[in-house]
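This is what each chain is made of:
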Amino acid sequence: MTNNWNRKDQHIHFAEMQYQSNSSNGLDGIRFIHQSFAEIKTEDVKLNTRLDSLKLDYPFFINAMTGGSDKARIINENLAIVARETNLAMAVGSVSTALQSPELNDSFKIVRKMNPNGLIFSNLGAHHSLENAKRAVDLLEANALQIHVNTPQELVMPEGDRDFTNWLKNIEIIVNELDVPVFVKEVGFGMSKETIRRLLDLGVNVIDVAGRGGTNFIHIENERREEKEFDYLLNWGQTTAESLLEAHFYRKQADFVASGGIKNPLHMLAAFGLGAKAVGISGEFLHMILTEGNEASIKKIERWKNELRALMTMIGSSSISDIENKPIILSSELTNWCHQRHID
Ligand code: FNR
């Protein structure tokens, strides 16, 4: 089995290497109709939102990435400082390694230490028990737990899981027993309406569709292999836009998070237009921290908040939840997706 310390560092390395890839999350295929009369004031635009019982001051957050190595600790420390200074919520990467090896705890706990009052989400895979879910929350005094579902990643990873028989049962137990909100998230392969229906039936209230078009874990795990066996599989899964369309019918039954290749406030606006309540960003924030540093990252995030307010003014929406009421046009590719998948 590959050493976990190496694995976490390799994930960071290969994620950053693929930053420039020109894959699309499909959100450019969603266009708002320009209207000449906004009829609102920018100063009245509110960016706050809710995910289950959690109140977020801003509708985008730092999504799950890392922990479990010295390098990951430094990245988590920097991300936590940026989250604290900008008041963004933040998820850590899977804490699974820390549950097995307590000497790795600090690379996760640093996030709470740097940001004692922030909204922090812990993260675990769906093969974990309720007891581990409780430990994952306690480790960070987390405000929520993200459970990730990542079958393609596990299968491309030589040391990954091969038994997926208990995931739904585990999720059901954790959702019913944990006393903080539980989010279920993909890791960049998107979700289908069938998957979403299964999660709603289990009582899941927050679903992060995490679509294709940003960080690609088939690519990353393939790069870690000596034999590049799966290089024909890079387009597996639904894009972020397709996943949000899959979720559309269910958007009143759970709070949806959009993630996967989100790189700017216009992507965010498109996601909110399809009913997302919040947006998660991983690869873009990793790149910012590694290449621009904390101060420039903080400035950019503040600029994004202002730009998002400007875009919302342009479409005449003073709240995140109003954005989905504005008329949009879908590209012919997305229209075709809706047609074949019987999505109205
Ligand atoms: C991730 N992601 C991730 N997700 C998760 O639930 N648990 C994890 O441990 C990790 N680890 C991880 C490491 C690194 C280096 C990256 C870049 C990402 C996946 C992440 O949360 C997200 O779902 C995808 O990366 C898609 O979003 P972006 O990167 O395209 O914004």
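Remember, predicted model here, so these are calculated numbers, not experimental data.

Enquirer: Would you mind going over the overall build of the chain with me for this structure?
Expert: The helix and strand inventory of the chain stands at 13 helices and twelve strands. Over its C-alpha atoms the chain spans a radius of gyration of 19 Å, differing by no more than 12% from the 20 Å that the globule rule assigns to 344 residues. For the chain, the spread of C-alpha atoms along the three principal axes comes to 60 × 45 × 40 Å. Excluding contacts between residues fewer than 6 apart, the proportion of contacts in the chain whose partners are at least 24 apart in sequence is 77%.

Enquirer: Is there a simple way to explain the UniProt feature "binding site: FMN" (unreviewed entry) in the chain in this structure?
Expert: Mapped onto this numbering, the UniProt entry annotates "binding site: FMN" (unreviewed entry) at Ala 64, Met 65, Thr 66, Ser 94, Asn 123, Lys 185, Thr 215, Gly 261, Ile 262, Lys 263, Ser 282 and Gly 283. Spanning 220 residues, the annotated positions stay apart in the fold, the maximum distance between their C-alpha atoms being 22.7 Å. Discounting chain neighbours no more than four positions away, the residues touching Ser 94 are Asn 123, Leu 124, Gly 125 and His 148. By the secondary structure assignment, Lys 185 is in strand β8 (residues 182-185). Judged by the 24 C-beta atoms lying within 10 Å of it, Lys 185 falls in the buried class. Setting aside residues up to four positions removed in sequence, Lys 185 forms contacts with Gln 146, His 148, Asp 208 and Ala 210.

Enquirer: It is not clear to me how the site of the ligand should be interpreted in this structure. Could you clarify?
Expert: Every one of the 27 residues lining the ligand counts as a neighbour, but His 148, Gly 214, Thr 215, Ser 282 and Gly 283 are closest to it. Mapped by element, the contributors of at least two residues to the shell around the ligand are α1 (4-17), β7 (144-148) and α12 (283-315). Looking at the shell around the ligand residue by residue, the class counts come to nine nonpolar, 16 polar and two charged.

Enquirer: How should I be thinking about the environment of Ser 318 in this particular structure?
Expert: Tracing the backbone shows Ser 318 in the loop between α12 and β12 (328-330). Accessibility expressed as a C-beta count within 10 Å gives 18 for Ser 318, which makes it partly exposed. For Ser 318 and Tyr 58, which are 260 residues apart along the polypeptide, the C-alpha to C-alpha distance reads 13 Å. Among all residues touching Ser 318, those that are not within four sequence positions of it are Ile 40, Asp 44, Val 45, Lys 46 and Met 312.

Enquirer: Is there a simple way to think about the UniProt feature "domain: FMN-dependent dehydrogenase" (unreviewed entry) in the chain in this case?
Expert: The UniProt entry lists residues 164-326 under the feature "domain: FMN-dependent dehydrogenase" (unreviewed entry), expressed in the numbering used here. Split by type, residues 164-326 is 48% helix and 10% strand. Its first and last C-alpha atoms lie 40 Å apart.

Enquirer: Is there a simple way to think about the pairing of strand β10 (residues 255-259) in this case?
Expert: Moving residue by residue along a regular strand, the side chains alternate between the two faces of the sheet. Here β10 lies mainly inside the structure; five of its five residues are buried. The alternating pattern of β10 places Asp 255, Val 257 and Ser 259 on one face and Phe 256 and Ala 258 on the opposite face, and all of these are buried. Bridging between strand β9 (residues 206-208) and β10 involves three bridges; their strand directions are parallel. By the bridge assignment for β10, Ile 207 is matched with Phe 256.

Enquirer: I'm lost on helix α5 (residues 130-140) in this one. Help?
Expert: Turn by turn, an α-helix covers 3.6 residues, leaving residues three or four places apart pointing in a common direction. Those residues of α5 lying buried are Ala 133, Ala 136, Val 137, Leu 139 and Leu 140. End-on, the buried residues of α5 take up no more than an arc of 155°, which puts them together on one face. Within α5, the exposed residues directed more than 90 degrees away from the buried face are Glu 131 and Asp 138. Just beyond α5, the residue with positive phi is Glu 141, at close to 45°.

Cut-offs used in this document
- Residues numbered from 1 in each chain as written.
- Predicted model: local features only at pLDDT ≥ 70, side-chain atom pairs only at ≥ 80, totals over all residues.
- Helix = DSSP H or I, 4+ residues; strand = E, 2+ residues; numbered from the N terminus.
- Rg over C-alpha atoms; globule rule 2.2 N^0.38 Å.
- Contact = placed C-beta atoms within 7 Å.
- UniProt positions renumbered as here; feature names shortened; annotations may be inferred.
- Buried ≥ 20, exposed ≤ 12 C-beta atoms within 10 Å, placed from the backbone.
- Near = placed C-beta within 6 Å.
- Nonpolar A, V, L, I, M, F, W, Y, C, P; charged D, E, K, R; others polar.
- Pairing = 2+ DSSP bridges.
- Arc of directions from axis to C-beta.

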